[in-house]
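Reading the structure
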Amino acid sequence: MSTTTPDAKMAVAPNAEQPPGIPTRDRMVTGIPGLDHLLHGGLVRGNSLLVEGPPGSGKSTLAVRMIAEGILGCDEPGLIITFEEFPRQLYEESLQAGVDLKALENKGMLRVVWTPPKRILDGFSGKNDFIEKLVEELGARRLLIDSITHFKRVATDELALREILATVLNQLKLRDINAIMVKEIENKDEKHIAFEEYLVDASLRLSDAPDRAGGASKRFIEVRKTRGQPHVSGKHPFSLGKGGAAVYPRLRPQDVAKFFPATERVERSRLSTGVEGLDTMMSGGVLSGTFNLGTGTPGTGKSVLAHHYINAGLTRNETALLVTLRSSPQEVLEQAASVGMDWEPALEDGRLRIQHHSPTGLCVEQLEQELCAELQRFPPDRIVFDSVGDLWVALRDADRVHDHVVVLSRLFKSAGATTFLMQEQRSGDQGRGTDVDDYAALSSCVVQMTMEMNEGRMRRYVGVPKFAGGEHAKDLREYEIDRHGLRVLT
């Protein structure tokens, strides 16, 4: 069975192609999954980059990773100049983050230098050839200075600091070297712009914020500016770990089409929901390749309907993907077995995949990227996503939930799958994105399940308030759930 585990290297789907008219040699690819997407393919060759953020935000780790990825992925030698740490300390800290700087030095592709800021400035001002010799010996294409905050030890007033930084940046640009400069944020005002941001060609700002669901703090990255190239704006989650660094862009609907090749439009066919009486209400079943909504109050059997829908596909030798934010894969198998469905063979032969993500501490952007990769590796015929309510637990914001559902709907349709999104409705859940109208506009078909007291006992009813592109029953029909599953009464 398939479950999702955090792995920065999985986040590869949104790395965009090079923009038209800009050849690869004119870009410094950062090698950070997701970041090159935000930078439309990477940083313009020779441009400078400022990486700033508060203490502990991951500035140095991210910058060092760019140097390492340049060596490992692009065969571009790098130079790291540090004013804060001795090389031994940097080696140890980088190794904990999965980067073996010592090994890269032994290959002759990297130099790590600890030196006072004045010696660097003397090198750039022509008073000595220290920097020039290092650059020439290595053939360096990327140079990291950590951190430029220490230039204050050489000059105390802002005008002098501007002149120092401008001198450094100009000298590196003349050598066609991408300068990556780390700086600690001194003013936590989000709108504050330090003079360094005006001088560099591009800037990244790192930040962190408490998780709204009460989990650990989450890291975010924002492209503040890019000179001579477009970029994707906004704050985007990112992670750092032994598996690498990864940025999880907030996908836009227009991004989704890039991940799947265009296919010829095919005539839609009817797909059974696995519930005969419900198929009758829809004149044969849902339309292939559509995004559909199954909604109802707790206890109405939405999961049972989802199981019938998946089982109908497996019976026809189709492939299916179940994305669940609620039940573990083992619980899913037990629930299916309770209504007579044995899914173990389909799991073993790969026709069924189950992805489980806990909503607590969930990074929805990472989930979307992993789904992109999964759908490219394993294009399913049918998808069930369960459920919208659990997305709200992760995001605590109805508008953001809606935005992500829009992206998911585009993603699943672009992959050519026929999808059911399950939505739980609760009375009094104002502002939690549980209104059917929130998602009905995105859906080709809406199946609504209700319960009410009738003649002294609780009865369940199903209706199809929307079915685009075909005739459907307009009335409510009673159904029952037993050990054989869901059955619409005639």
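This section reports on the structure supplied with the text.

Further remarks concern empty space enclosed by the protein. Applying the stated rule across the entire model yields four cavities of 30 Å³ or more. The volume enclosed by the largest cavity comes to roughly 70 Å³. The wall of the largest cavity is formed by Ile148, Thr149, Phe151, Lys152, Leu161, Leu165, Lys183, Phe195 and Glu196. Secondary-structure elements contributing two or more residues to the lining of the largest cavity are α7 (158-174) and α8 (195-199). Here the lining of the largest cavity is composed, by residue class, of five nonpolar, one polar and three charged.

Residues Leu278, Trp343 and Leu352 are the most contacted members of the largest nonpolar core, which totals 38 residues. Residue contacts for Trp343: discarding those within four places in its chain leaves His307, Ile310, Asn311, Leu314, Val332, Leu333, Ala336 and Leu352. Counting residues in hydrophobic clusters, the runner-up holds 36 residues, among them Met28, Ile32, Met66 and Val112.

To continue, consider the pattern of salt bridges. Side chains that differ in sign of charge can pair as their charged atoms come close. Overall, the coordinates contain 27 salt bridges when judged by the stated rule. For Glu69, the salt bridge is made with Arg65, and the minimal N-O distance between the two is 3.5 Å. Note that Glu69 and Arg65 are positioned in helix α2 (residues 59-74) at a spacing of four residues, about one turn of the helix. Take Glu69 and Arg65: they sit in the same class, and that class is buried. Across the pair Glu197 and Arg224 runs a salt bridge whose closest N-O atoms are separated by 3.2 Å. Here Arg224 lies in strand β9 (residues 218-226) and Glu197 lies in helix α8, a separation of 27 residues in the sequence. It is possible to trace a salt-bridge network through shared partners that takes in Glu52, Glu197, Arg205 and Arg224.

Once that is clear, we can look at the packing of aromatic side chains. The description of an aromatic ring pair rests on the distance of the ring centres and on the angle between the ring planes. Tallied over the full model, the rule gives two aromatic pairs. With 5.1 Å between their ring centres and 75° between their planes, Tyr309 and Phe420 make a pair best called edge-to-face. With Tyr309 in helix α11 (residues 302-315) and Phe420 in strand β18 (residues 418-424), this residue pair connects regions lying 111 residues apart in the sequence. A ring pair is formed by Phe385 and Phe412, whose centres lie 6.5 Å apart and whose planes are at 45°; its orientation type is tilted.

What follows deals with a nonpolar patch on the surface. On the surface, a cluster of nonpolar side chains totalling about 300 Å² of accessible area is made up of Met451, Met453 and Met458. Mapped onto the elements, Met453 comes out in strand β19 (residues 445-454).

Peptide bonds are mostly trans, and most non-glycine residues show a negative phi. Following Asp146, the chain continues to Ser147 via a peptide bond in cis, the omega torsion being 0°. Mapped onto the elements, Ser147 comes out in the loop between β6 (142-146) and α7. Its identity as a non-glycine residue notwithstanding, His40 has a phi of 55°, on the positive side. Mapped onto the secondary structure, His40 falls in the loop between α1 (35-38) and β2 (43-44). Of the residues examined, His40 reaches a relative accessible area of 22% and is grouped as partly exposed. One non-glycine residue with positive phi stands out, namely Arg396, at about 55°. Structurally, Arg396 can be placed in the loop between α15 (388-395) and α16 (398-414). By relative accessible area, Arg396 is classed as partly exposed at 36%.

Turning next to helix α12 (residues 329-338). Along α12, the positions that sit buried rather than exposed are Pro329, Val332, Leu333 and Ala336. Projected down its long axis, α12 shows its buried positions confined to an angular sector of 100°, all on one face. Check the buried side of α12 and you find it contacts α11, β15 (320-324), α13 (344-348) and β16 (352-356). Looking at the residues trailing α12, positive phi occurs at Gly340, about 80°.

How each quantity is defined
- Residues numbered from 1 in each chain as written.
- Predicted model: local features only at pLDDT ≥ 70, side-chain atom pairs only at ≥ 80, totals over all residues.
- Heavy atoms only, no water.
- 1 Å grid on protein atoms, 1.4 Å probe; cavity = no way out; pocket = protein on both sides within 12 Å on 5 of 7 lines; lining within 4 Å.
- Points joined across faces, edges and corners; volume = space filled by probe spheres on them.
- Helix = DSSP H or I, 4+ residues; strand = E, 2+ residues; numbered from the N terminus.
- Nonpolar A, V, L, I, M, F, W, Y, C, P; charged D, E, K, R; others polar.
- Core = buried A, V, L, I, M, F, W, Y, C linked by side-chain atoms within 4.5 Å.
- Buried < 20%, exposed > 50% of the residue type's maximum accessible area, 1.4 Å probe, protein only.
- Contact = heavy atoms within 4.5 Å.
- Salt bridge = Lys/Arg side-chain N within 4 Å of Asp/Glu carboxyl O.
- Phe/Tyr/Trp six-rings, centres within 6.5 Å; stacked < 30°, edge-to-face > 60°.
- Patch = residues over 30% accessible without salt bridge, like charges linked within 9 Å, V, L, I, M, F, W, Y side chains within 5 Å.
- Areas by Shrake-Rupley, 256 points an atom, 1.4 Å probe, with all protein chains shown as cover.
- Arc of directions from axis to C-beta.

In short, shape yes, function no, at least from these values alone.
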